[in-house]
Amino acid sequence: MGWKIIPFEKKVWLSSPTMHGEELQYIKAAYESNWMSTVGENIDETERLARELIGCKAAVALGTGTAALHLAVKLAGVQPGDKVFCSDMTFSATVNPVTYEGGVPVFVDSERETWNMDPRALEKAFALYPEVKTVVAANLYGTPGKLDEISAICEAHGATLIEDAAESLGATYKGKPTGTFGKYNAISFNGNKIITGSAGGMLLTDDVQAANKARKWSTQSREAAPWYQHEEIGYNYRMSNVIAGVVRGQFPHLREHMEQKKAIYYRYKEGFKDLPVSMNPFIEGEMEPNFWLSCLVIDEEALARQVRSDSEALYLREAGKSSPTEILETLAAHNAEGRPIWKPMHMQPVFRMNPYVTASGNGRGKTNAYIAEDRGENVGEDIFRRGLCLPSDNKMTKEQQEKIIEIVKSCFA
Ligand SMILES: *Cc1c(COP(=O)(O)O)cnc(C)c1O
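In this text, all values refer to a predicted model and were calculated from it rather than measured experimentally.

### Observations regarding the site of the ligand
Residues in close proximity to the ligand total 15 residues, the closest being T66, D164, E167, S188 and K193. Residue G65 places a main-chain N or O atom 2.7 Å away from an oxygen atom belonging to the ligand. N190 is positioned such that a nitrogen or oxygen atom in its side chain is 2.9 Å from an oxygen atom of the ligand. Protein burial of the ligand: of its 380 Å² of free accessible surface, 95% is covered by the chains. It is helix α3 (residues 65-75) that provides the largest number of residues to the shell around the ligand, a total of three residues.

Okay, structure coming up:
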């Protein structure tokens, strides 16, 4: 590095919003009719589109996916001090809402076939904490987890499953859309998701009564009365009709975005076939991801030395090897955006006191307790150490992607 860097003229993004025109029509209609608040046709229509597309009885349009997860946790009845099993390797938004209700996340490690919650680790978690009544499982990077096993384990233990499908809208598991496996499910329309409203989220469920409760909570828990009557604590979580216009205009383009993301994934897979790396995996024939982000992991033997503190990373350049840090920095030098893999929650200072459970460990691990025999191999830690997210923007051209592939290859020179 250092010579012959010709950066992309226009930045190649990890995943940026892709607009099509209809969005503007719906925003304009909201403006012209003055439905600029949290009531209106766009909201009703996006909820209808979500119900039809995903196949659930109720959808509640909210300000964010995080709000949807919070209301899901509330509906599940999590009380202060209750332990809740959560995906470990995920975005913090999966687990933060548990703490809003005073719940205590217990992190469950990933498996290697989809990078999502390992059913074996979940079984072990129930053996350790049989009292747990709620599980929050995320589908990472657009790939469904082993959802039938996870559902069956939850059912066997009388626990409520909340599916965090924020990253996996449109993906299916055994032909069934993600966002329908939990009793309560969350999707997101955040700016970098597969379709976006610039922001926004939705709670999905087949329990219409629960949905109505969540809708009420989301509008400050106003009771049906001629004045502002409140019998419960409420939130200002409802989606705006303007945002809903953007989401409404995006829904018809979900398939198209998925096709583009899939093409990106397979071009990377082909481009890297001679490198000591592998792509984020899924179980063929069992699931169809939405391919939201393409990720790679470097083979152990080809991993150059790298150390990470809580705020910095250092690496060595070694012939024939590379590291996530080297690849990310080289991409950045070329004006392309990659990202590290989600740093597992049990490694986060804010959750250092929370237990985590691995499939291979023989007990409960705690980051701050050096009880070696308890930890077991942590799959999430390993993927974080060796993996990264590649530029996966659906507006990236084939030529740009070919250059990205060459940039990554150069790191292994
Ligand atoms: C984006 C995301 C969320 C939350 O979505 P927001 O709409 O940004 O609040 C939750 N979980 C995961 C895994 C996500 O990637």
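On we go.
### What about the nonpolar core?
Y141, L169, F189 and I341 are the most contacted members of the largest nonpolar core, which has 34 residues in total. Shared between two domains, this core holds at least three residues of each, these being domain 1 (22-252) and domain 2 (254-410). Once residues within four sequence positions are removed from consideration, I341 is found in contact with M89, W115, Y141, C295, I383, F384, G387, L388 and C389.

### A look at the layout of surface pockets
Each pocket or cavity is described by its volume, and for the largest pocket that value is around 510 Å³. For the largest pocket, the lining is made up of 21 residues, of which Q306, V307, R308, A313 and F384 are closest to its centre. Among the elements of the structure, β13 (306-308), α10 (324-333) and α12 (379-386) are those that each provide at least two residues to the lining of the largest pocket. Here the residues of the lining of the largest pocket are counted per class, giving eight nonpolar, four polar and nine charged.

### Remarks on the pattern of salt bridges
Under the counting rule described, the total for this entry stands at 27 salt bridges. A salt bridge links E41 to R248; the shortest N-O distance between them is 3.2 Å. With E41 in helix α2 (residues 41-55) and R248 in helix α8 (residues 241-250), this pair connects stretches of sequence that are 207 residues apart. Judged by its relative accessible area of 11%, R248 is buried. Across the pair K273 and E270 runs a salt bridge, and its minimum N-O distance is 2.8 Å. Its relative accessible area of 48% is what places E270 among the partly exposed residues. Salt bridges linked by common partners bring R112, E300, E377, D382, R385 and R386 together as one network.

### Section: the sheet that holds strand β7 (residues 176-177)
The sheet built from three strands is open, its strands ordered β7-β6-β11 with antiparallel pairing. What marks the edges here is a single partner per strand, and that holds for β7 and β11 (287-288). Sheet topology note: the strand β6 (residues 172-173)/β7 ladder contains two bridges and is antiparallel. If you follow Y173 over to β7, its bridge partner there is K176.

### Structural notes on the packing of aromatic side chains
For the structure on display, the rule yields 16 aromatic pairs. When the centroid spacing of 5.3 Å and the interplanar angle of 70° are considered together, the rings of F107 and F351 count as edge-to-face. Of this pair, F107 sits in strand β3 (residues 104-108) while F351 sits in the loop between β15 (339-340) and β16 (356-357); the two residues are 244 residues apart in sequence, bridging distant segments of the chain. Residues Y265 and Y266 carry aromatic rings whose centres are separated by 5.2 Å and whose planes lie at 80° to one another, so their mutual orientation is edge-to-face. With a relative accessible area of 3%, Y265 lands in the buried category. For Y266, a relative accessible area of 33% translates into the label partly exposed.

### Some thoughts on the environment of T94
Considering the arrangement of structural elements, one finds T94 in the loop between β2 (83-87) and α4 (96-100). Residues T94 and I407 lie 313 residues apart in sequence; the distance between their C-alpha atoms is 33 Å. Those residues in contact with T94, other than ones at most four positions away along the chain, are L69, V136, A138 and D164. One polar contact links T94 to D164, side chain to side chain, over a distance of 2.7 Å.

### Section: the sheet that holds strand β12 (residues 295-298)
Spatially, four strands are ordered β10-β12-β17-β15 in an open sheet, and the strand pairing comes out antiparallel. Among the strands making up the open sheet, the edge pair consists of β10 (277-279) and β15. Of the strand pairs in this sheet, β10 and β12 are connected by three bridges, and their pairing is antiparallel. What sits directly across from V277, in β12, is I298.

### Concerning the pairing of β3
Within β3, four of the five residues are buried, which leaves the element mostly enclosed by the surrounding structure. Examined bridge by bridge, β2 and β3 share five bridges and lie parallel to one another. Residue pairing across strands places V84 opposite P105, the latter belonging to β3. Looking at chain direction, β3 and β16 are connected through two bridges and run parallel. Pairing of F107 across the sheet is with Y356, part of β16.

Parameters and conventions
- Residue numbering note: each chain is counted from 1, following its sequence as written.
- For this predicted model, a pLDDT threshold of at least 70 governs which residues receive local features, and a threshold of 80 or more governs which side-chain atom pairs are given and counted, while totals over whole chains, interfaces and linings are taken from all residues.
- Remark: hydrogens and water are excluded; side-chain values derive from all non-hydrogen atoms of the structure.
- By convention in these notes, a residue is near a molecule or strand provided one of its non-hydrogen atoms lies within 4 Å of it.
- Whenever a nitrogen or oxygen atom comes within 3.5 Å of another N or O atom, the pair is scored as a polar contact, on the condition that within protein one atom can donate a hydrogen and the other can accept it, and that pairs from neighbouring residues in sequence are kept only if both atoms are in side chains.
- Using the Shrake-Rupley algorithm and a 1.4 Å probe, accessible areas are obtained, with residue cover drawn only from the displayed protein chains.
- Here a helix means four or more residues in a row that DSSP labels H or I, a strand means two or more in a row labelled E, and each is numbered from the N terminus.
- Side-chain atoms within 4.5 Å link the members of a nonpolar core, which is a set of buried Ala, Val, Leu, Ile, Met, Phe, Trp, Tyr and Cys residues.
- Think of it in three bands: residues with accessible area under 20% of the maximum for their type are buried, residues over 50% are exposed, and the middle band is partly exposed, with areas taken using a 1.4 Å probe on protein chains only.
- Just so you know, the domain bounds were taken from an automatic or database domain assignment.
- Any two residues whose heavy atoms approach within 4.5 Å at even a single point are treated as in contact.
- Two kinds of site are reported from a 1 Å grid over the protein atoms alone, namely cavities, where a 1.4 Å probe fits but cannot get out, and pockets, open sets with protein on both sides within 12 Å along at least five of seven lines, and residues are called lining when an atom falls within 4 Å of a point.
- Grid points are joined across faces, edges and corners, and a volume is the space filled by probe spheres set on the points.
- By the convention adopted, Pro, Cys, Tyr, Trp, Phe, Met, Ile, Leu, Val and Ala count as nonpolar, Lys, Arg, Asp and Glu as charged, and the other residues, Gly among them, as polar.
- Take a side-chain nitrogen of Lys or Arg and a carboxyl oxygen of Asp or Glu: if they are within 4 Å of each other, that pair is a salt bridge.
- Only strands joined by at least two bridges in the DSSP assignment are considered to pair.
- A pair of Phe, Tyr and Trp rings is counted when the ring centres sit within 6.5 Å of each other, with Trp represented by its six-membered ring. The angle between the planes then sorts it: under 30 degrees is stacked, over 60 is edge-to-face, the rest tilted.

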